[in-house]
Structure formats: structure tokens, C-alpha cells
Amino acid sequence: QVQLVESGGGLVQAGGSLRLSCAAPGRTFSGYIMGWFRQAPGKEREFVAAISRIGINTYYADSVKGRFTISRNNAKNTVYLQMNSLKPEDTAVYYCAADSHLPYSSLPTSYDYWGQGTQVTVSS
């Protein structure tokens, strides 16, 4: 079992930035592809970004490409999501997830472990 703990959400004005963190305390997660997903009220959970096990490859949804950056520090068992130029449509609960499967997938069903989520609200 891998416990994932997100932090860094909050309220920000449009055009602002936030950095989300996801830690796996007491557990190494270098064997997992790590992903970020988000879910807005009334909508399905959608893929945001993913990063390969040692951080060489990154993948983004078209809606966030060029604005969001995913990174990881395996020595700290932490993955990050830097979000810049935020828009009101980015408002959602953001979840990090760990995937033991290869190759990378953008489907939530591929991911084995999930965090509890952190709320991001972007005001216009």
C-alpha cells in the first residue's frame, strides 16, 4: 500500500500560480509512474500530467500544456505540479496517483494508488 498526501491547493486569481506537492511518507515511489488528475463538480476525473519513474519523460493534457509543469524528486519521495497562468476552468479537486504499470497511461483506471485530493479554486 502506498499512501499519497497532497498539499498546496488554495484560492488564486486568474493568471496566478500554485505549486502542488504529493508526498509518499516513509515509502519510496521510484518504481511508479506518477500522475496528476483533476475533477470539477459534475465532471469526470480527467488526466492532467504524468511523469516517468526517473523523471525523464513527461506527459500533459492539451488543456494545460505550456502552463503546467510536473516534476519529481525521488530522494524526497515527492512529485510536484507547478501551475502557472491559471484560468477559472482549472478549478477542481486535484489528485495525485501512482501507477505501477508500463507504459504510461492517461486513464485513471491504470493507477493503483490515489491521494485524498486538494482543492484548487481560480477566481476570475
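Anything mentioned here points back to the structure above.
Values in this document were obtained by computation on a predicted structure and should not be read as measured data.

Q: So what's going on with the state of the cysteines? Which residues, and what values?
A: Disulfides are covalent bonds that link the sulfur atoms of two cysteine residues. The final tally for this structure, using the stated rule, is one disulfide. Between the sulfur atoms of C22 and its disulfide partner C96 the distance amounts to 1.9 Å. In this structure, the disulfide formed by C22 and C96 twists by about 45 degrees around the S-S bond and is classed as right-handed. Of the two residues, C22 sits in strand β3 (residues 18-23) while C96 sits in strand β9 (residues 92-99), which places them 74 residues apart along the sequence. Pair check on accessibility: C22 and C96 agree, each one buried.

Q: Break down the pairing of strand β8 (residues 78-83) for me, with residues and values.
A: Burial within β8 is extensive, with five of its six residues counted as buried. The sheet contact formed by β3 and β8 spans six bridges and is antiparallel. Note on β8: the bridge partner recorded for S21 is Y80. Taking the residues between adjacent antiparallel strands as the criterion, strand β7 (residues 68-73) and β8 are bridged by four residues, where N77 takes a positive phi near 55 degrees.

What counts as what
Residues numbered from 1 in each chain as written. Predicted model: local features only at pLDDT ≥ 70, side-chain atom pairs only at ≥ 80, totals over all residues. Heavy atoms only, no water. Disulfide = S-S within 2.5 Å. Helix = DSSP H or I, 4+ residues; strand = E, 2+ residues; numbered from the N terminus. Buried < 20%, exposed > 50% of the residue type's maximum accessible area, 1.4 Å probe, protein only. Pairing = 2+ DSSP bridges.

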